[in-house]
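Okay, here's what each chain looks like letter by letter:
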Amino acid sequence: MRITGVKHDKNGEIISYRLSTGQIISKGEGIKLAEQGQIEGVTVGVSKTGEKFLRSLPDGDSSNNLDNLPEIM
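Residues numbered from 1 in each chain as written. Predicted model: local features only at pLDDT ≥ 70, side-chain atom pairs only at ≥ 80, totals over all residues. Heavy atoms only, no water.

Some thoughts on the overall build of the protein
Move 1: Each helix and strand in the protein was counted, giving one helix and five strands.
Move 2: Put simply, the protein runs from its N terminus to its C terminus through helices and strands in the order β-β-β-α-β-β.
Move 3: Against the compact-globule benchmark of 11 Å for 73 residues, the protein has a radius of gyration of 11 Å, which places it among compact chains.
Move 4: Over its C-alpha atoms, taken along the principal directions, the protein stretches across nearly 30 × 30 × 25 Å.
Move 5: For the protein, the proportion of its 73 residues judged to be buried stands at 29%.
Move 6: Within the protein, counting contacts between residues at least 6 apart in sequence, those at least 24 apart form 33% of the total.
Move 7: Carbon and sulfur atoms make up 49% of the accessible area of the protein, which totals about 4700 Å².
Move 8: In the protein, 9 positive and 10 negative side-chain charges are present, and the distance between their average locations comes to 4 Å. (Helix = DSSP H or I, 4+ residues; strand = E, 2+ residues; numbered from the N terminus. Rg over C-alpha atoms; globule rule 2.2 N^0.38 Å. Buried < 20%, exposed > 50% of the residue type's maximum accessible area, 1.4 Å probe, protein only. Contact = heavy atoms within 4.5 Å. Areas by Shrake-Rupley, 256 points an atom, 1.4 Å probe, with all protein chains shown as cover. Lys, Arg positive; Asp, Glu negative; His and termini not counted. Charge placed at Lys NZ, Arg CZ, Asp CG, Glu CD.)

Have a look at this one:
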(Lines give C-alpha, C1' and ligand atoms only; values in the text may rest on other atoms or scores of the structure.)
Protein backbone atom coordinates (compact mmCIF):
# COMPACT_ATOMS: atom_id res chain seq x y z
CA MET A 1 0.00 0.00 0.00
CA ARG A 2 1.22 3.52 -0.78
CA ILE A 3 0.05 7.04 0.05
CA THR A 4 -1.43 8.69 -3.05
CA GLY A 5 -2.85 11.92 -1.61
CA VAL A 6 -2.90 14.09 1.50
CA LYS A 7 -5.11 16.62 3.28
CA HIS A 8 -3.58 19.66 4.98
CA ASP A 9 -5.09 21.72 7.78
CA LYS A 10 -5.17 25.54 7.71
CA ASN A 11 -1.60 25.62 9.09
CA GLY A 12 -0.26 23.43 6.29
CA GLU A 13 0.11 20.32 8.45
CA ILE A 14 -0.91 16.97 6.95
CA ILE A 15 -3.92 15.61 8.83
CA SER A 16 -5.00 12.66 6.67
CA TYR A 17 -3.85 10.42 3.85
CA ARG A 18 -5.43 8.64 0.87
CA LEU A 19 -4.02 5.17 0.32
CA SER A 20 -3.58 3.32 -2.96
CA THR A 21 -6.62 1.25 -1.89
CA GLY A 22 -8.75 4.43 -2.01
CA GLN A 23 -9.17 4.44 1.77
CA ILE A 24 -8.71 7.76 3.59
CA ILE A 25 -7.07 7.49 6.99
CA SER A 26 -6.11 9.89 9.77
CA LYS A 27 -2.56 10.92 10.55
CA GLY A 28 -2.61 8.65 13.61
CA GLU A 29 -3.83 5.66 11.59
CA GLY A 30 -1.14 6.34 9.00
CA ILE A 31 1.56 6.35 11.65
CA LYS A 32 0.32 3.05 13.11
CA LEU A 33 0.21 1.37 9.68
CA ALA A 34 3.69 2.70 8.81
CA GLU A 35 5.09 1.44 12.11
CA GLN A 36 3.67 -1.99 11.23
CA GLY A 37 5.39 -1.84 7.83
CA GLN A 38 2.10 -1.73 5.91
CA ILE A 39 2.74 1.52 3.99
CA GLU A 40 5.52 1.58 1.40
CA GLY A 41 7.83 4.53 0.83
CA VAL A 42 7.51 6.22 4.23
CA THR A 43 9.12 6.14 7.64
CA VAL A 44 7.97 7.52 10.99
CA GLY A 45 9.84 10.58 12.23
CA VAL A 46 9.62 12.45 15.52
CA SER A 47 9.44 16.25 15.63
CA LYS A 48 11.38 18.44 18.06
CA THR A 49 8.25 18.55 20.20
CA GLY A 50 8.03 14.74 20.30
CA GLU A 51 5.14 14.42 17.84
CA LYS A 52 5.29 11.49 15.41
CA PHE A 53 4.80 12.14 11.69
CA LEU A 54 5.23 10.35 8.37
CA ARG A 55 8.17 11.19 6.14
CA SER A 56 8.83 10.06 2.58
CA LEU A 57 11.87 7.86 2.14
CA PRO A 58 14.52 9.79 0.20
CA ASP A 59 14.73 8.57 -3.38
CA GLY A 60 15.84 11.66 -5.29
CA ASP A 61 12.33 12.25 -6.69
CA SER A 62 10.67 15.24 -5.01
CA SER A 63 7.37 14.64 -6.84
CA ASN A 64 6.49 11.80 -4.49
CA ASN A 65 7.26 13.70 -1.28
CA LEU A 66 4.16 13.71 0.90
CA ASP A 67 3.74 17.51 0.72
CA ASN A 68 3.81 17.31 -3.08
CA LEU A 69 1.10 14.66 -3.44
CA PRO A 70 -2.37 15.68 -4.66
CA GLU A 71 -4.63 17.36 -2.11
CA ILE A 72 -7.68 15.29 -1.17
CA MET A 73 -11.04 16.75 -0.22
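Looking at the pattern of salt bridges
As a working rule, side chains carrying opposite charge can pair if their charged atoms are close by.
Move 1: This model, assessed by the stated rule, comprises three salt bridges.
Move 2: A salt bridge links Glu 40 to Arg 2, with the shortest nitrogen-to-oxygen separation between them at 3.5 Å. On the criterion of sequence distance, the pair formed by Glu 40 in the loop between α1 (27-35) and β4 (42-46) and Arg 2 in the segment before β1 (3-8) is long-range, its members being 38 residues apart.
Move 3: We classify Glu 40 as partly exposed; its relative accessible area is 45%.
Move 4: Ionic pairing is found between Glu 35 and Lys 52, a salt bridge with its closest N-O pair at 2.6 Å. On the criterion of sequence distance, the pair formed by Glu 35 in helix α1 and Lys 52 in strand β5 (residues 52-56) is long-range, its members being 17 residues apart. (Salt bridge = Lys/Arg side-chain N within 4 Å of Asp/Glu carboxyl O.)

Observations regarding the environment of Ser 16
Move 1: When you line up the elements, Ser 16 lands in strand β2 (residues 14-19).
Move 2: Its relative accessible area of 10% is what places Ser 16 among the buried residues.
Move 3: When the C-alpha positions of Ser 16 and Gly 28 are compared, they lie 8.4 Å apart, and in sequence the two are 12 residues distant.
Move 4: Not counting the four nearest positions on each side in its chain, Ser 16 is found in contact with Gly 5, Val 6, Lys 7, Ile 24, Ile 25, Ser 26, Lys 27 and Ile 72.

Re the nonpolar core
Generally speaking, nonpolar side chains in soluble globular proteins are found buried as a group.
Move 1: Within the largest apolar cluster, 14 residues are counted, with the highest numbers of intra-cluster contacts made by Ile 3, Tyr 17, Ile 39, Val 42, Leu 54 and Leu 66.
Move 2: In this structure, Val 42 is in contact with Ile 3, Ala 34, Leu 54, Arg 55, Ser 56, Leu 57 and Leu 66, ignoring residues within four places of it in sequence. (Core = buried A, V, L, I, M, F, W, Y, C linked by side-chain atoms within 4.5 Å.)

Things to note about the pairing of β5
Move 1: Across five bridges, β4 lies against β5 in antiparallel orientation. If you follow Thr 43 over to β5, its bridge partner there is Arg 55.
Move 2: Between the antiparallel neighbours β4 and β5 lie five residues, among them Gly 50 with a positive phi of about 90°. (Pairing = 2+ DSSP bridges.)

Looking at the confidence of the model for the protein
Move 1: Averaged over every residue, the pLDDT of the protein is 92; the share at 70 or more is 97%.
Move 2: At the level of individual helices and strands, the protein shows its lowest average pLDDT in β5, which scores 93, and its highest in strand β3 (residues 24-26), which scores 98. (pLDDT = per-residue confidence, 0-100.)

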